[in-house]
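# Residue-level structural notes
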Amino acid sequence: AHRGVRRQLLNFAREGKGIAAICAAPSILGNLGLLEGKKAMAFPGFEMQLTGAVIITAPERVVTDGNITTSRGMGTSLDLGLELVRLIKGEELAEQLRTSTQYI
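Reference entry: report on the structure contained in this document. (Residues numbered from 1 in each chain as written. Predicted model: local features only at pLDDT ≥ 70, side-chain atom pairs only at ≥ 80, totals over all residues. Heavy atoms only, no water.)

## Describing the pattern of salt bridges
- Evaluated as defined, the whole model comprises four salt bridges.
- In this structure, the salt-bridge partner of Asp 79 is Arg 61, at a minimum N-O distance of 2.8 Å. Here Asp 79 is found in helix α3 (residues 77-89), whereas its partner Arg 61 is found in the loop between β3 (54-55) and β4 (62-65), with 18 residues between them in sequence.
- Here Arg 86 makes a salt bridge to Glu 83, at a shortest N to O gap of 2.8 Å. In this pair, Arg 86 and Glu 83 both sit in helix α3, three residues apart, roughly one turn of the helix.
- For Arg 86, a relative accessible area of 31% corresponds to the partly exposed category. (Salt bridge = Lys/Arg side-chain N within 4 Å of Asp/Glu carboxyl O. Helix = DSSP H or I, 4+ residues; strand = E, 2+ residues; numbered from the N terminus. Buried < 20%, exposed > 50% of the residue type's maximum accessible area, 1.4 Å probe, protein only.)

Shown next, in the form of C-alpha cells:
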C-alpha cells in the first residue's frame, strides 16, 4: 500500500534491476503485474496472488526468472541468500559460502 515502495518496485522492474521477494512478499509483485509470464513462488497459500506467474512448487526452494527472484519462506532464506550472492558476485563465491557454512 506504500506508494513509495510501489513506485520503486515498478521503476526497478521497468529498468530491469534485480528484485527479490520471499514468503508472502512475492504476492505484492504479482498484484503489481510484475510476474506476468515469469516463474515465481511464494509461501504456500499465496500462489493465487502471483498474478500471471508460472507457479513453481516443491521441491524447488528459490527461482530466478529474468530480474526477479522469489522464494518460499523463512526455511528457504539461506537458499535465497545464496542465489542472490550467485547473481551479484558469481557462482564461485556462492559455492564457497555454501560449503564454508556447511549448507550442503
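## Some points on the pairing of strand β1 (residues 19-22)
- Of the two faces of β1, the one holding Ile 19 and Ala 21 is buried and the one holding Ala 20 and Ile 22 is not buried anywhere.
- When β1 meets strand β5 (residues 68-71), the two strands line up parallel, connected through four bridges. Bridge pairing in β5 links Ile 19 to Ile 68. (Pairing = 2+ DSSP bridges.)

By themselves, these figures tell us nothing about what the structure is for.
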